[in-house]
Amino acid sequence: MSYRWPTLADVIATLSVDRLDDCHFVATQLDNAGHHIAGGHIAAQALMAASLTAPGRRPHSVHVYYLRAGDARKPVDLHVDIARDGGALSTRKVTACQEGQILLEALASFNEPFDSLDYQQPMPDVTDPDSLPPVQEQLVAYADELDGFWVEPRPFDLRYVDPPPRLAVDLAEPSARLRMWWRPNSFVAADEVLHDCLLTYLSGTTMVEPALVMRRATPVSTFNALIDHALWFHRPVDLTDWVLSDQISSSGVAGRGLTTSTMYNRTGQLVCIATHELYFGRAATPG
């Protein structure tokens, strides 16, 4: 069975976690050919659950550790501990469990907005997204590979400034930097927390790419698993327009790859900085 991307409607529907009581939620997963739970998806669900216990405050950071794989055919229990509610900040701990096994632990922090010093580093000068083709057009020469995987519809429209992994794998000199514009491929309701959760999901699916490029690999040619994931939400992200993700893999060592994404909206405002570390496993032993 070949892999197929979920629809945006399915992603949004599964971010609407079911609330059983004040701090206990159940999250439906997005099944796939390998029945693995996508790290960015379950992290987004954990953030949504935590957000529902901190009304009136927006997430400003979330730090996630992935402890073990889960089965996407089965739901996941999300338990939220109210660690602290201060004058401007709230902290929540989220534990995701499946059949008694801990899959994920996260700390999320929330901020009550108020006026203060506002500054940022400028957005890099890149090609406008309207001048770039969708990734499916960039990869049309590979449409016959993997049962059409490269040109499959995705929940997000992706437009690459730098070559995506399937093109970069054949470059003489791979680059650790990968810049990409993205936005949902259809309407998303005006809900700031939902937009943050969709950004979390997206980061979990695309931030692997600069590390893959450095390894001369693609998402389907090598094993990889998220082991930790952190995001800082600086300003509200508006998903009615394009977001630039400026991604770089700054280190690869001991079977791990570290990547960072700095995200800007189309007007140049810094909206999020995210990091994650992937595990690629041990190299195959010759013989």
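Above this note sits the structure.
## Digging into helix α1 (residues 8-15)
- For α1, the set of buried residues is Leu8, Val11, Thr14 and Leu15. Angular distribution of buried residues about the axis of α1 spans 135°; they occupy a single face of the element.
- Buried positions along α1 lie against α2 (39-52), β7 (156-160), β8 (177-184) and α5 (192-206).

## What about the side chain of Arg159?
- By secondary structure assignment, the location of Arg159 is in strand β7.
- A distance of 3.1 Å separates a polar atom in the side chain of Arg159 from the backbone oxygen of Leu132.
- A polar atom in the side chain of Arg159 sits 3.3 Å from the side chain of Asp157.
- If sequence neighbours within four positions are ignored, Arg159 has contacts with Pro129, Asp130, Leu132, Pro133, Pro134, Met180, Trp181 and Trp242.

## Things to note about the pairing of β8
- By the criterion of burial, β8 is predominantly enclosed, with six of the eight residues buried.
- With five bridges joining them, β7 and β8 adopt antiparallel strand pairing. From the neighbouring strand, Arg159 faces β8, where its bridge partner is Trp181.
- Both β8 and strand β10 (residues 243-253) contribute to a ladder of six bridges, which runs antiparallel. If you follow Leu178 over to β10, its bridge partner there is Gln247.

## Things to note about the sheet that holds strand β5 (residues 89-98)
- Reading across from one edge, β1-β2-β4-β5-β6-β3-β9-β12-β11-β10-β8-β7 is the order of the twelve strands in this open sheet, with antiparallel pairing throughout. Two strands bound the open sheet, and with one partner strand each, they are β1 (18-21) and β7. Taking the axes of each pair of neighbouring strands and ignoring which way they run, one obtains an average angle of 25° across the sheet.
- By the bridge criterion, five bridges tie strand β3 (residues 58-66) to strand β9 (residues 225-233) in an arrangement that is antiparallel. Counterpart to Tyr65 in the pairing with β9 is Asp228.
- On the sheet, α5 packs against β3, β7, β8, β9, β10, β11 (256-265) and β12 (270-279) and is oriented at approximately 145° with respect to β9.

## Observations regarding empty space enclosed by the protein
- According to the stated counting rule, one finds one cavity of 30 Å³ or more in the structure shown.
- Its boundaries defined by the atoms lining it, the largest cavity holds a volume of some 70 Å³.
- Together, Trp5, Val135, Leu139, Phe149, Trp150, Arg154, Tyr160, Pro164, Pro165, Arg166, Glu209 and Pro219 line the largest cavity.
- A per-class count over the lining of the largest cavity returns nine nonpolar, no polar and three charged.

## Considerations on the layout of surface pockets
- Of the volumes computed, that of the largest pocket is approximately 1,200 Å³.
- If you go around the largest pocket, you meet 45 residues; those closest to its centre are His36, Ile37, Ala38, Gly39 and Asn224.
- The element contributing the most residues to the lining of the largest pocket is α5, with five residues.
- For the lining of the largest pocket, the residue count by class is 26 nonpolar, 13 polar and six charged.
- Here the second largest pocket is characterised by a volume of approximately 680 Å³.
- Lining the second largest pocket are 20 residues, with Asn111, Phe114, Ser116, His234 and Arg235 sitting closest to its centre.
- Per-element tally for the lining of the second largest pocket: the top contributor is β3, with three residues.

## Quick look at the packing of α2 against α5
- Running from N to C, α2 and α5 point in directions that differ by 160°, and their axes come no closer than 7 Å. Judged by the inter-axis angle, α2 sits roughly antiparallel to α5. Seen along the crossing, α2 lies across α5 with a hand that is right-handed. Residue-level contacts link Gly40, His41, Ala43, Ala44, Leu47, Met48 and Ser51 of α2 to Val193, Leu194, Asp196, Cys197, Thr200, Tyr201 and Gly204 of α5.
- Of the residues that constitute the contact of α2 with α5, the class distribution is eight nonpolar, five polar and one charged.

## Thoughts on the state of the cysteines
- Scanning all chains against the criterion turns up zero disulfides.
- Free cysteine Cys97: the closest other cysteine sulfur is in Cys23, separated by 14 Å.
- We note that Cys272 lacks a disulfide partner, and the nearest cysteine sulfur, in Cys197, lies 12 Å from it.

## Some words on the pairing of strand β6 (residues 101-111)
- Bridge analysis of β3 against β6 gives eight bridges, and the strand direction is antiparallel. Looking at β6, one finds that Tyr65 is bridged to Glu105.
- In terms of strand pairing, β5 meets β6 through ten bridges, oriented antiparallel. Across the sheet, residue Ser90 finds its bridge partner in β6, namely Phe110.
- Where β5 hands over to β6, the hairpin turn is made up of two residues, of which Glu99 adopts a positive phi near 50°.

So, how was this worked out
- Residues numbered from 1 in each chain as written.
- Predicted model: local features only at pLDDT ≥ 70, side-chain atom pairs only at ≥ 80, totals over all residues.
- Heavy atoms only, no water.
- Buried < 20%, exposed > 50% of the residue type's maximum accessible area, 1.4 Å probe, protein only.
- Helix = DSSP H or I, 4+ residues; strand = E, 2+ residues; numbered from the N terminus.
- Arc of directions from axis to C-beta.
- Contact = heavy atoms within 4.5 Å.
- Polar contact = N/O pair within 3.5 Å; in protein donor to acceptor, adjacent residues only side chain to side chain.
- Pairing = 2+ DSSP bridges.
- Axes fitted to C-alpha atoms, helices over the stretch in contact; angles between N-to-C directions.
- 1 Å grid on protein atoms, 1.4 Å probe; cavity = no way out; pocket = protein on both sides within 12 Å on 5 of 7 lines; lining within 4 Å.
- Points joined across faces, edges and corners; volume = space filled by probe spheres on them.
- Nonpolar A, V, L, I, M, F, W, Y, C, P; charged D, E, K, R; others polar.
- Parallel < 35°, antiparallel > 145°, perpendicular 65-115°, else oblique.
- Left-handed = near helix turned anticlockwise from the far one by under 90°.
- Disulfide = S-S within 2.5 Å.

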